[in-house]
Amino acid sequence: MTSTSRFNGPVGPLRHRCPLCPFGPPRGTQLQRSFCRCQAMRYCSREHAFEHWPQHDPFCHECDKEYRTRWGWLTGDDLSAYWRSFRGWLAQRMLFIGTLDSVSEALDQMIRHPMDDRWIRTALAVTMLRMDRDQECYDFIWYWATCDPDRTQDIVTLHQSAFNNYGANVFENPCSFPSEHTVLSDRVALLLLKLKILVDVRNLKLARQALAQSRLPPELRDQIELELVRSPLSAKLQRDLTVSLAEVEAKLETHARQLIEAIHKSNETFLFNLLNSQHALSVYMIKDFSPGGWDESAHVVQYSHAAWWQTEGALDLLEYLAGGLGVACAECSVENEIWTRAADREGEGLLRSGEPFRWGTEV
(Lines give C-alpha, C1' and ligand atoms only; values in the text may rest on other atoms or scores of the structure.)
Protein backbone atom coordinates (compact mmCIF):
# COMPACT_ATOMS: atom_id res chain seq x y z
CA MET A 1 0.00 0.00 0.00
CA THR A 2 1.43 3.37 -1.03
CA SER A 3 2.12 5.79 1.81
CA THR A 4 0.29 9.09 1.65
CA SER A 5 2.55 10.97 4.05
CA ARG A 6 4.56 12.66 1.32
CA PHE A 7 1.43 13.54 -0.61
CA ASN A 8 -0.18 15.38 2.29
CA GLY A 9 2.14 18.37 2.10
CA PRO A 10 2.25 21.32 4.49
CA VAL A 11 -0.83 22.34 6.45
CA GLY A 12 -2.20 25.82 5.86
CA PRO A 13 -2.69 28.12 2.89
CA LEU A 14 -0.68 27.57 -0.26
CA ARG A 15 2.46 29.67 -0.32
CA HIS A 16 5.58 29.78 -2.43
CA ARG A 17 7.91 27.23 -0.86
CA CYS A 18 11.23 25.67 -1.72
CA PRO A 19 10.69 21.87 -1.72
CA LEU A 20 14.07 21.34 -0.03
CA CYS A 21 13.44 23.85 2.78
CA PRO A 22 10.75 22.22 4.98
CA PHE A 23 10.98 25.04 7.55
CA GLY A 24 11.16 27.80 4.98
CA PRO A 25 14.15 29.54 3.40
CA PRO A 26 16.37 31.93 5.36
CA ARG A 27 14.67 35.24 6.18
CA GLY A 28 14.93 37.71 3.34
CA THR A 29 15.45 35.05 0.68
CA GLN A 30 13.37 35.61 -2.44
CA LEU A 31 12.20 32.39 -4.07
CA GLN A 32 12.89 32.16 -7.79
CA ARG A 33 10.90 30.27 -10.40
CA SER A 34 12.52 27.11 -11.70
CA PHE A 35 14.32 27.12 -15.01
CA CYS A 36 12.25 24.17 -16.25
CA ARG A 37 9.46 24.41 -18.79
CA CYS A 38 6.51 23.84 -16.45
CA GLN A 39 7.34 26.84 -14.21
CA ALA A 40 5.59 25.03 -11.35
CA MET A 41 8.41 25.09 -8.79
CA ARG A 42 10.27 27.79 -6.91
CA TYR A 43 13.63 27.47 -5.16
CA CYS A 44 15.58 29.51 -2.65
CA SER A 45 18.85 28.96 -4.49
CA ARG A 46 20.34 27.57 -7.68
CA GLU A 47 21.92 24.76 -5.67
CA HIS A 48 18.53 23.56 -4.40
CA ALA A 49 17.10 23.74 -7.91
CA PHE A 50 19.83 21.42 -9.24
CA GLU A 51 19.54 19.12 -6.22
CA HIS A 52 15.77 18.74 -6.68
CA TRP A 53 15.93 18.35 -10.45
CA PRO A 54 16.20 14.50 -10.51
CA GLN A 55 12.87 14.33 -8.66
CA HIS A 56 11.15 16.94 -10.80
CA ASP A 57 12.63 16.03 -14.18
CA PRO A 58 10.19 13.13 -14.92
CA PHE A 59 7.23 15.49 -14.71
CA CYS A 60 8.74 18.08 -17.05
CA HIS A 61 9.88 15.35 -19.43
CA GLU A 62 6.41 13.83 -19.65
CA CYS A 63 4.80 17.27 -20.12
CA ASP A 64 7.10 18.00 -23.03
CA LYS A 65 6.55 14.54 -24.54
CA GLU A 66 2.77 14.80 -24.17
CA TYR A 67 2.75 18.27 -25.71
CA ARG A 68 4.78 17.22 -28.73
CA THR A 69 2.79 14.01 -29.19
CA ARG A 70 -0.59 15.68 -29.07
CA TRP A 71 0.58 18.59 -31.19
CA GLY A 72 1.65 16.09 -33.81
CA TRP A 73 -1.91 14.82 -34.06
CA LEU A 74 -3.40 18.21 -34.80
CA THR A 75 -4.68 18.93 -38.28
CA GLY A 76 -7.36 21.40 -39.33
CA ASP A 77 -10.55 21.09 -37.31
CA ASP A 78 -8.88 18.79 -34.78
CA LEU A 79 -6.75 21.65 -33.46
CA SER A 80 -9.26 22.93 -30.89
CA ALA A 81 -10.31 19.51 -29.59
CA TYR A 82 -6.80 18.16 -29.10
CA TRP A 83 -5.48 21.40 -27.65
CA ARG A 84 -8.32 21.32 -25.15
CA SER A 85 -7.44 17.71 -24.38
CA PHE A 86 -3.83 18.64 -23.68
CA ARG A 87 -4.90 21.50 -21.42
CA GLY A 88 -7.07 19.09 -19.41
CA TRP A 89 -4.23 16.60 -19.13
CA LEU A 90 -1.81 19.33 -18.02
CA ALA A 91 -4.27 20.81 -15.50
CA GLN A 92 -4.68 17.44 -13.81
CA ARG A 93 -0.93 16.91 -13.52
CA MET A 94 -0.30 20.44 -12.27
CA LEU A 95 -3.03 20.03 -9.65
CA PHE A 96 -1.23 17.12 -8.02
CA ILE A 97 2.16 18.84 -7.79
CA GLY A 98 0.62 20.95 -5.04
CA THR A 99 2.64 24.16 -5.26
CA LEU A 100 0.98 27.58 -5.32
CA ASP A 101 2.04 28.14 -8.93
CA SER A 102 0.87 24.71 -10.13
CA VAL A 103 -2.51 24.73 -8.35
CA SER A 104 -3.16 28.30 -9.52
CA GLU A 105 -2.38 27.30 -13.11
CA ALA A 106 -4.56 24.18 -12.86
CA LEU A 107 -7.50 26.19 -11.53
CA ASP A 108 -7.07 28.78 -14.26
CA GLN A 109 -7.14 26.06 -16.91
CA MET A 110 -10.26 24.46 -15.41
CA ILE A 111 -12.13 27.77 -15.31
CA ARG A 112 -11.02 29.25 -18.64
CA HIS A 113 -11.14 26.06 -20.69
CA PRO A 114 -14.11 23.98 -19.52
CA MET A 115 -14.26 20.40 -20.71
CA ASP A 116 -16.83 17.69 -20.34
CA ASP A 117 -14.63 15.74 -17.91
CA ARG A 118 -16.01 14.36 -14.66
CA TRP A 119 -12.78 14.93 -12.76
CA ILE A 120 -12.96 18.69 -13.44
CA ARG A 121 -16.50 18.80 -12.09
CA THR A 122 -15.24 16.99 -8.98
CA ALA A 123 -12.04 18.97 -8.48
CA LEU A 124 -13.07 22.53 -9.27
CA ALA A 125 -14.88 23.55 -6.06
CA VAL A 126 -12.32 22.09 -3.64
CA THR A 127 -9.47 23.57 -5.68
CA MET A 128 -11.02 27.01 -5.23
CA LEU A 129 -11.00 26.34 -1.47
CA ARG A 130 -7.29 25.49 -1.65
CA MET A 131 -6.73 28.91 -3.22
CA ASP A 132 -8.97 30.58 -0.57
CA ARG A 133 -11.48 31.70 -3.20
CA ASP A 134 -14.25 30.74 -0.82
CA GLN A 135 -17.07 33.01 -2.00
CA GLU A 136 -16.49 31.95 -5.62
CA CYS A 137 -16.59 28.33 -4.51
CA TYR A 138 -19.95 28.79 -2.81
CA ASP A 139 -21.37 30.74 -5.76
CA PHE A 140 -20.26 27.93 -8.07
CA ILE A 141 -21.89 25.22 -5.93
CA TRP A 142 -25.08 27.25 -5.49
CA TYR A 143 -25.38 27.86 -9.24
CA TRP A 144 -24.90 24.22 -10.17
CA ALA A 145 -27.49 23.09 -7.60
CA THR A 146 -30.19 25.57 -8.61
CA CYS A 147 -29.70 26.76 -12.19
CA ASP A 148 -30.73 23.73 -14.23
CA PRO A 149 -32.92 21.35 -12.21
CA ASP A 150 -34.02 19.42 -15.31
CA ARG A 151 -30.44 19.06 -16.59
CA THR A 152 -31.33 20.32 -20.08
CA GLN A 153 -28.16 22.40 -20.65
CA ASP A 154 -24.80 20.96 -21.63
CA ILE A 155 -22.01 20.98 -19.08
CA VAL A 156 -19.81 23.50 -20.92
CA THR A 157 -22.62 26.08 -21.09
CA LEU A 158 -23.42 25.62 -17.42
CA HIS A 159 -19.75 25.79 -16.49
CA GLN A 160 -19.27 29.14 -18.23
CA SER A 161 -22.45 30.59 -16.70
CA ALA A 162 -21.56 29.44 -13.19
CA PHE A 163 -18.93 32.15 -12.81
CA ASN A 164 -21.35 34.97 -13.63
CA ASN A 165 -23.18 34.46 -10.33
CA TYR A 166 -21.96 36.44 -7.34
CA GLY A 167 -22.79 37.01 -3.70
CA ALA A 168 -24.79 33.95 -2.63
CA ASN A 169 -25.25 33.73 1.14
CA VAL A 170 -22.65 31.34 2.51
CA PHE A 171 -24.42 31.18 5.87
CA GLU A 172 -27.77 30.01 4.55
CA ASN A 173 -29.07 26.59 5.52
CA PRO A 174 -27.66 23.86 3.24
CA CYS A 175 -31.09 22.20 3.32
CA SER A 176 -32.20 24.93 0.90
CA PHE A 177 -30.18 23.17 -1.80
CA PRO A 178 -32.27 20.68 -3.82
CA SER A 179 -30.75 17.39 -2.70
CA GLU A 180 -31.55 15.56 -5.91
CA HIS A 181 -29.42 18.04 -7.89
CA THR A 182 -26.43 18.28 -5.54
CA VAL A 183 -23.62 15.83 -6.35
CA LEU A 184 -21.37 14.30 -3.70
CA SER A 185 -18.33 16.42 -4.62
CA ASP A 186 -20.34 19.63 -4.10
CA ARG A 187 -21.64 18.49 -0.72
CA VAL A 188 -18.08 17.66 0.30
CA ALA A 189 -16.77 21.07 -0.81
CA LEU A 190 -19.66 22.79 0.98
CA LEU A 191 -18.93 20.86 4.18
CA LEU A 192 -15.23 21.76 4.01
CA LEU A 193 -16.12 25.43 3.48
CA LYS A 194 -18.42 25.44 6.54
CA LEU A 195 -15.77 23.72 8.69
CA LYS A 196 -13.08 26.08 7.42
CA ILE A 197 -15.07 29.11 8.59
CA LEU A 198 -16.08 27.33 11.81
CA VAL A 199 -12.41 26.76 12.72
CA ASP A 200 -11.73 30.46 12.05
CA VAL A 201 -14.68 31.57 14.19
CA ARG A 202 -13.52 29.43 17.11
CA ASN A 203 -10.00 30.84 16.79
CA LEU A 204 -11.44 34.36 16.79
CA LYS A 205 -13.45 33.66 19.95
CA LEU A 206 -10.40 32.32 21.77
CA ALA A 207 -8.26 35.24 20.62
CA ARG A 208 -10.78 37.81 21.81
CA GLN A 209 -11.03 36.13 25.21
CA ALA A 210 -7.25 36.15 25.56
CA LEU A 211 -6.82 39.72 24.29
CA ALA A 212 -9.65 41.15 26.39
CA GLN A 213 -7.36 41.34 29.43
CA SER A 214 -4.45 42.85 27.53
CA ARG A 215 -3.54 46.50 27.09
CA LEU A 216 -2.66 46.18 23.42
CA PRO A 217 -3.91 48.92 21.10
CA PRO A 218 -6.99 48.03 19.01
CA GLU A 219 -4.99 48.11 15.77
CA LEU A 220 -2.61 45.45 17.06
CA ARG A 221 -5.50 43.33 18.36
CA ASP A 222 -7.12 43.40 14.91
CA GLN A 223 -3.85 42.39 13.30
CA ILE A 224 -3.46 39.43 15.67
CA GLU A 225 -7.03 38.29 15.05
CA LEU A 226 -6.63 38.48 11.27
CA GLU A 227 -3.48 36.36 11.49
CA LEU A 228 -5.56 33.60 13.11
CA VAL A 229 -8.15 33.30 10.33
CA ARG A 230 -7.68 31.90 6.86
CA SER A 231 -10.92 32.38 4.95
CA PRO A 232 -11.62 35.84 3.45
CA LEU A 233 -15.21 35.32 4.63
CA SER A 234 -13.96 34.95 8.20
CA ALA A 235 -11.99 38.16 7.83
CA LYS A 236 -15.26 39.94 7.02
CA LEU A 237 -16.77 38.54 10.22
CA GLN A 238 -13.81 39.81 12.19
CA ARG A 239 -14.34 43.33 10.93
CA ASP A 240 -18.10 43.32 11.55
CA LEU A 241 -18.49 44.08 15.25
CA THR A 242 -22.28 43.62 15.09
CA VAL A 243 -21.93 39.90 14.40
CA SER A 244 -22.24 37.50 17.33
CA LEU A 245 -19.51 34.90 16.92
CA ALA A 246 -21.33 32.51 19.25
CA GLU A 247 -24.43 32.60 17.04
CA VAL A 248 -22.37 32.11 13.88
CA GLU A 249 -20.52 29.21 15.51
CA ALA A 250 -23.77 27.48 16.50
CA LYS A 251 -25.24 27.99 13.03
CA LEU A 252 -22.16 26.63 11.24
CA GLU A 253 -21.97 23.60 13.52
CA THR A 254 -25.64 22.82 12.80
CA HIS A 255 -25.03 23.17 9.05
CA ALA A 256 -21.98 20.92 9.26
CA ARG A 257 -23.94 18.19 11.04
CA GLN A 258 -26.70 18.41 8.41
CA LEU A 259 -24.15 18.09 5.61
CA ILE A 260 -22.42 15.15 7.28
CA GLU A 261 -25.75 13.32 7.50
CA ALA A 262 -26.57 14.19 3.87
CA ILE A 263 -23.16 12.97 2.68
CA HIS A 264 -23.48 9.75 4.62
CA LYS A 265 -26.95 9.18 3.21
CA SER A 266 -25.67 9.83 -0.31
CA ASN A 267 -22.58 7.62 0.03
CA GLU A 268 -22.06 5.51 3.15
CA THR A 269 -18.36 4.88 2.45
CA PHE A 270 -17.15 8.43 1.87
CA LEU A 271 -16.54 9.58 5.44
CA PHE A 272 -14.68 6.41 6.30
CA ASN A 273 -12.55 6.67 3.15
CA LEU A 274 -11.72 10.32 3.83
CA LEU A 275 -10.73 9.72 7.45
CA ASN A 276 -8.87 6.54 6.46
CA SER A 277 -7.59 7.70 3.09
CA GLN A 278 -4.79 5.19 2.49
CA HIS A 279 -7.10 2.87 0.52
CA ALA A 280 -8.57 5.48 -1.81
CA LEU A 281 -5.19 7.13 -2.42
CA SER A 282 -3.47 3.85 -3.25
CA VAL A 283 -5.41 2.96 -6.38
CA TYR A 284 -5.28 4.39 -9.88
CA MET A 285 -7.13 7.63 -10.48
CA ILE A 286 -10.78 6.63 -10.87
CA LYS A 287 -12.53 8.12 -13.89
CA ASP A 288 -15.84 6.26 -14.08
CA PHE A 289 -17.94 5.47 -11.05
CA SER A 290 -21.45 4.63 -9.96
CA PRO A 291 -23.27 7.07 -7.63
CA GLY A 292 -23.31 5.82 -4.06
CA GLY A 293 -20.56 3.26 -4.57
CA TRP A 294 -17.07 2.89 -3.15
CA ASP A 295 -15.58 4.01 -6.45
CA GLU A 296 -17.44 7.33 -6.26
CA SER A 297 -16.22 7.97 -2.72
CA ALA A 298 -12.63 7.08 -3.70
CA HIS A 299 -12.85 9.40 -6.73
CA VAL A 300 -13.97 12.34 -4.58
CA VAL A 301 -11.36 11.58 -1.89
CA GLN A 302 -8.61 11.54 -4.52
CA TYR A 303 -9.44 15.07 -5.63
CA SER A 304 -10.45 16.58 -2.29
CA HIS A 305 -7.95 15.07 0.14
CA ALA A 306 -5.33 17.79 -0.41
CA ALA A 307 -7.87 20.52 0.36
CA TRP A 308 -8.95 18.75 3.56
CA TRP A 309 -5.38 18.16 4.69
CA GLN A 310 -4.29 21.74 4.04
CA THR A 311 -7.26 23.22 5.94
CA GLU A 312 -5.97 23.21 9.50
CA GLY A 313 -8.36 21.63 12.00
CA ALA A 314 -10.92 20.53 9.41
CA LEU A 315 -10.30 16.78 9.54
CA ASP A 316 -10.18 16.73 13.35
CA LEU A 317 -13.43 18.67 13.55
CA LEU A 318 -15.05 16.41 10.95
CA GLU A 319 -14.05 13.30 12.88
CA TYR A 320 -15.46 14.78 16.10
CA LEU A 321 -18.80 15.80 14.54
CA ALA A 322 -19.17 12.59 12.55
CA GLY A 323 -18.36 10.49 15.61
CA GLY A 324 -21.06 12.34 17.55
CA LEU A 325 -23.56 11.40 14.85
CA GLY A 326 -22.29 7.81 14.72
CA VAL A 327 -21.80 7.77 10.95
CA ALA A 328 -18.05 7.26 10.52
CA CYS A 329 -16.97 4.87 13.23
CA ALA A 330 -16.46 1.78 11.13
CA GLU A 331 -16.25 0.56 7.57
CA CYS A 332 -19.69 0.93 6.15
CA SER A 333 -19.68 -1.58 3.32
CA VAL A 334 -18.34 -4.98 2.37
CA GLU A 335 -17.66 -3.41 -1.02
CA ASN A 336 -14.82 -1.39 0.56
CA GLU A 337 -13.13 -4.58 1.75
CA ILE A 338 -13.41 -6.08 -1.73
CA TRP A 339 -11.70 -3.06 -3.29
CA THR A 340 -9.00 -3.08 -0.62
CA ARG A 341 -8.15 -6.70 -1.32
CA ALA A 342 -8.10 -6.03 -5.05
CA ALA A 343 -5.74 -3.08 -4.56
CA ASP A 344 -3.28 -5.37 -2.78
CA ARG A 345 -3.06 -7.78 -5.72
CA GLU A 346 -0.64 -7.17 -8.55
CA GLY A 347 -2.01 -7.19 -12.06
CA GLU A 348 -5.52 -6.05 -11.18
CA GLY A 349 -5.04 -2.63 -12.74
CA LEU A 350 -5.71 -0.86 -9.45
CA LEU A 351 -2.25 -0.40 -8.00
CA ARG A 352 -0.51 2.79 -8.95
CA SER A 353 2.95 1.26 -9.06
CA GLY A 354 3.13 1.52 -12.84
CA GLU A 355 1.80 5.08 -13.11
CA PRO A 356 4.45 7.77 -13.73
CA PHE A 357 2.84 10.34 -11.44
CA ARG A 358 1.49 8.71 -8.33
CA TRP A 359 -0.26 10.15 -5.34
CA GLY A 360 2.45 10.62 -2.76
CA THR A 361 5.21 11.14 -5.32
CA GLU A 362 7.15 14.38 -5.38
CA VAL A 363 7.58 15.66 -8.92
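Treat the numbers as computed from the prediction; the structure is a model and nothing was measured.

In this section: the environment of Leu 216. Mapped onto the elements of the fold, Leu 216 is located in the loop between helix 8 (184-211) and helix 9 (218-227). Taking the relative accessible area as the measure of exposure, Leu 216 reaches 31% and is therefore partly exposed. Among all residues touching Leu 216, those that are not within four sequence positions of it are Leu 211, Arg 221 and Ile 224.

Before going further, it helps to spend a moment on a nonpolar patch on the surface. Nonpolar side chains collect at one region of the surface, where Leu 216, Leu 220, Ile 224 and Leu 228 lie side by side and expose about 270 Å² of accessible area between them. Among the secondary structure elements, Leu 228 is positioned in the loop between helix 9 and helix 10 (232-239). Looking at Leu 228, the relative accessible area reads 38%, which means it is partly exposed.

On to the packing of helix 5 (residues 118-130) against helix 8. Between two packed helices, both the angle of their axes relative to each other and the distance between the axes serve to describe the pair. For the pair helix 5 and helix 8, the least separation of the axes is 9 Å and the interaxial angle reads 10°. Here helix 8 runs roughly parallel to helix 5, going by the angle between their axes. From helix 5, Arg 121, Thr 122, Ala 125, Val 126 and Leu 129 reach across to helix 8, where they touch Ser 185, Asp 186, Ala 189, Leu 192, Leu 193 and Lys 196. Across the contact of helix 5 with helix 8, the residue classes tally to six nonpolar, two polar and three charged.

A word on the nonpolar core. Formed by 89 residues in total, the largest nonpolar core has its most connected members in Trp 119, Leu 191, Leu 195, Ile 197, Phe 270, Trp 308 and Leu 318. In terms of residue count, the dominant contributor to this core is helix 8 (13 residues). For Trp 308, the residues in contact, after removing those within four places along its chain, are Val 188, Leu 191, Leu 192, Leu 195, Leu 274, Ala 314, Leu 315 and Leu 318.

This next bit is on helix 6 (residues 134-146). Count 3.6 residues to each turn of an α-helix, and residues three or four apart come out pointing the same way. For helix 6, built from 13 residues, the straight-helix expectation of 18 Å at 1.5 Å per residue is met to within 8% by its first-to-last C-alpha distance of 18 Å. All of the buried residues in helix 6 are Asp 134, Cys 137, Tyr 138, Asp 139, Phe 140, Ile 141, Tyr 143, Trp 144 and Ala 145.

As a further point, take helix 14 (residues 314-325). Here helix 14 is twelve residues long and its end C-alpha atoms lie 17 Å apart, about the 16 Å a rise of 1.5 Å per residue gives. All of the buried residues in helix 14 are Ala 314, Leu 315, Leu 317, Leu 318, Leu 321 and Ala 322. Along the axis of helix 14, the buried positions cluster into a sector of 160°, meaning they face one direction only. Structural note: helix 14 exposes Asp 316, Tyr 320 and Gly 324 on the side pointing more than 90 degrees away from its buried face. Buried residues along helix 14 sit in contact with helix 8, helix 11 (245-266), helix 12 (270-275) and helix 13 (294-310).

Let us now look at the confidence of the model for the protein chain. Model confidence for the protein chain is summarised by a mean pLDDT of 78, while 75% of its residues fall at 70 or above. pLDDT under 50 marks residues 74-78. Its contacts with residues more than four places away, or in other chains, come to three contacts. Segment residues 329-363: pLDDT under 50, and 72 contacts once partners within four positions in sequence are set aside and those in other chains are kept.

Counted under the stated rule, the structure contains three aromatic pairs. Taking 5.6 Å as the distance between ring centres and 35° as the angle between the ring planes, the aromatic pair formed by Phe 96 and Tyr 303 counts as tilted. Of this pair, Phe 96 sits in helix 3 (residues 78-97) while Tyr 303 sits in helix 13, and the two are 207 residues apart along the sequence. The ring of Trp 144 carries Arg 121 above its face, with NZ or CZ at 4.0 Å from the centroid.

Attention now moves to the packing of helix 6 against helix 8. Direction vectors running N to C along helix 6 and helix 8 enclose 145°, while the axes themselves pass 10 Å from each other. At the point where helix 6 passes helix 8, the crossing takes the left-handed sense. Residue-level inspection shows Asp 134, Tyr 138, Ile 141 and Trp 144 of helix 6 in contact with helix 8, the latter providing Asp 186, Ala 189, Leu 190, Leu 193 and Lys 196. The residue inventory of the contact of helix 6 with helix 8, partitioned by class, reads six nonpolar, no polar and three charged.

Right, let's get into the pattern of salt bridges. In this structure the tally under the stated criterion is eleven salt bridges. In this structure, the salt-bridge partner of Arg 202 is Glu 253, at a minimum N-O distance of 2.9 Å. One end of the pair, Arg 202, is in helix 8; the other, Glu 253, is in helix 11, and 51 residues separate them in sequence.

This part is about unusual backbone geometry. Among all residues except glycine, the phi angle is most often negative; among peptide bonds, the trans geometry is most common. Positive phi, normally seen in glycine, also occurs at Asp 132, with a value near 60°. In this structure, Asp 132 sits in the loop between helix 5 and helix 6. Given the relative accessible area of 18%, Asp 132 is considered buried.

Cut-off values and rules
Residues numbered from 1 in each chain as written. Predicted model: local features only at pLDDT ≥ 70, side-chain atom pairs only at ≥ 80, totals over all residues. Heavy atoms only, no water. Helix = DSSP H or I, 4+ residues; strand = E, 2+ residues; numbered from the N terminus. Buried < 20%, exposed > 50% of the residue type's maximum accessible area, 1.4 Å probe, protein only. Contact = heavy atoms within 4.5 Å. Patch = residues over 30% accessible without salt bridge, like charges linked within 9 Å, V, L, I, M, F, W, Y side chains within 5 Å. Areas by Shrake-Rupley, 256 points an atom, 1.4 Å probe, with all protein chains shown as cover. Salt bridge = Lys/Arg side-chain N within 4 Å of Asp/Glu carboxyl O. Axes fitted to C-alpha atoms, helices over the stretch in contact; angles between N-to-C directions. Parallel < 35°, antiparallel > 145°, perpendicular 65-115°, else oblique. Nonpolar A, V, L, I, M, F, W, Y, C, P; charged D, E, K, R; others polar. Core = buried A, V, L, I, M, F, W, Y, C linked by side-chain atoms within 4.5 Å. Expected span 1.5 Å × (residues − 1). Arc of directions from axis to C-beta. pLDDT = per-residue confidence, 0-100. Phe/Tyr/Trp six-rings, centres within 6.5 Å; stacked < 30°, edge-to-face > 60°. Lys NZ or Arg CZ within 6 Å of the ring centre and 35° of its normal. Left-handed = near helix turned anticlockwise from the far one by under 90°.

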